[in-house]
Amino acid sequence: MSLPALQNTGVFYRRIVSQFPQDISLAFAYGSGVFKQHGTSQGQMERNMLDFVFAVDDPVTWHTMNLLQNRKHYSILKLLGPNKISSIQNDYGASVYYNTLVPVDGRMIKYGVISIDSLIDDLMHWKTLYVAGRLHKPVRMLLQSENGKLRAALVSNLKSAVTASFLMLPESFSEEDLFLQIAGLSYAGDFRMVIGEDKSKVANIVRDNIQHFRILYSNILRDCPQVVYKPPQGKLEVDKSPEGQFIQLMALPRTLQQRITKLVDPPGKNRDVEEILLQVAQDPDCGAVVQQGHLKEICSCVLVFSGLWKTVSYSSKKLMKMWKGWRRKPSVSQMS
């Protein structure tokens, strides 16, 4: 199965990516500067920061080249050299190193660098769900190498998002319900949603981008034997039998399975994962158990930002977005 990609071949994005070392296995742009969100005008969208992620095979080599090409993008950490920067990137939080508030071609951008190995691990197992969670939602895929392991991991990540959402939804639901659940996976229990993010963010992401979500997920939904998918009506019915839920639980990413088993299995019993998930599958509150396990899984992972001043400035912009979200909250709630 091939991964559906939202390709953008415009000169604008190509010009931006061309200003970085070209040893990139995957590059994508995401966020409110790339996709219109509900309640945001075209003018506001064009003023928003553009967010990028670059997955690279060898972070030390990539940072070495980028320090030569774009030294001003880095904070004082550049004095430590590419080896130390790469070590900080790999050893802390979500394994992503961000340079933020970077002016490029008349726009302000931030870009995160992650190793391809860390990315694949996150896609397959949801170790942090930071980059994997962004790839649950529509992105502008700018570069993608012919890496079979990466392609399989990208598809696996989308399937996992569908499976986890099935378990947390009722037997019958709409496409919009599913996409709202999927889009919210990476924000559930995230401290950024308590302070620093617009509270209506998930709904804003989905409502103006339903067609983009369909492009990402329609093939997976059509091929899934546990769901009846009715695209013309935008309706779905999922198997909620203990057998069906057990199959779904066994298909979840490893990290989420481990969190669920820790919730259910008393200390000292040390039952195997399959036995515990079979018990959860027969629980009338299976969805709530999965939800609780997922909430424990997600944390606001430490992101390594380049520069104290830039971090403060970036955070202040997030707080402003939260304030604007509070101010328009009544009008947003009326649209549900």
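One can find the structure itself at the top, above this paragraph.
The model shown is predicted, which means the values in this text are computed figures rather than measured ones.

Asks: Give a detailed account of the packing of helix α12 (residues 254–264) against helix α13 (residues 273–281), specifying residues and quantitative values.
Replies: Between α12 and α13, the least distance of the axes is 10 Å, while the angle of their chain directions is 75 degrees. It follows that α12 is roughly perpendicular to α13 by the angle criterion. For the pair formed by α12 and α13, the contact residues are Gln-257, Ile-260, Thr-261 and Val-264 on the first element and Val-273, Ile-276, Leu-277, Gln-279 and Val-280 on the second. Residue classes in the contact of α12 with α13 are distributed as 6 nonpolar, 3 polar and no charged.

Asks: If you had to explain the packing of aromatic side chains to someone new, which residues and values would you point to?
Replies: Scanning all chains against the criterion turns up 15 aromatic pairs. Relative to Tyr-13, the ring of Phe-12 lies with its centre 5.5 Å away and its plane at 75 degrees, an arrangement referred to as edge-to-face. Aromatic side chains Phe-28 and Tyr-30 sit 5.9 Å apart centroid to centroid with 50 degrees between the ring planes, which places their arrangement in the tilted category. A residue is classified by how much of its surface remains accessible, and Phe-28, at 0% relative accessible area, is buried. Through successive ring pairs, a cluster of aromatic residues spans Phe-12, Tyr-13, Phe-20, Phe-52, Phe-54, Trp-62 and Tyr-111.

Asks: Can you tell me about the environment of Ser-241, naming the residues and giving the values?
Replies: Topologically, Ser-241 is positioned in the loop between β8 (235–238) and α11 (242–250). For Ser-241 and Ala-281, which are 40 residues apart along the polypeptide, the C-alpha to C-alpha distance reads 8.1 Å.

Asks: Describe helix α4 (residues 82–91), and please don't skip the residues or the numbers.
Replies: All of the buried residues along α4 are Pro-82, Ile-85, Ser-86, Ile-88 and Gln-89. The buried residues of α4 all sit within an arc of 160 degrees when viewed along its axis, so they share a single face. Away from its buried face, by an angle of more than 90 degrees, α4 presents the exposed residues Asn-83 and Asp-91.

Asks: Kindly report on the nonpolar core, identifying the contributing residues and their values.
Replies: With 65 residues, the main nonpolar core has Leu-119, Tyr-217 and Leu-249 as its most contacted residues. In terms of residue count, the dominant contributor to this core is helix α7 (residues 148–168) (10 residues). Shared between two domains, this core takes at least three residues from each, and those domains are domain 1 (6–238 + 300–328) and domain 2 (239–299). Phe-20, Phe-35, Tyr-97 and Tyr-111 belong to the second-largest nonpolar core, a separate cluster that totals 26 residues.

Criteria and thresholds
- Residues numbered from 1 in each chain as written.
- Predicted model: local features only at pLDDT ≥ 70, side-chain atom pairs only at ≥ 80, totals over all residues.
- Heavy atoms only, no water.
- Axes fitted to C-alpha atoms, helices over the stretch in contact; angles between N-to-C directions.
- Helix = DSSP H or I, 4+ residues; strand = E, 2+ residues; numbered from the N terminus.
- Parallel < 35°, antiparallel > 145°, perpendicular 65-115°, else oblique.
- Contact = heavy atoms within 4.5 Å.
- Nonpolar A, V, L, I, M, F, W, Y, C, P; charged D, E, K, R; others polar.
- Phe/Tyr/Trp six-rings, centres within 6.5 Å; stacked < 30°, edge-to-face > 60°.
- Buried < 20%, exposed > 50% of the residue type's maximum accessible area, 1.4 Å probe, protein only.
- Arc of directions from axis to C-beta.
- Core = buried A, V, L, I, M, F, W, Y, C linked by side-chain atoms within 4.5 Å.
- Domains from an automatic or database assignment.

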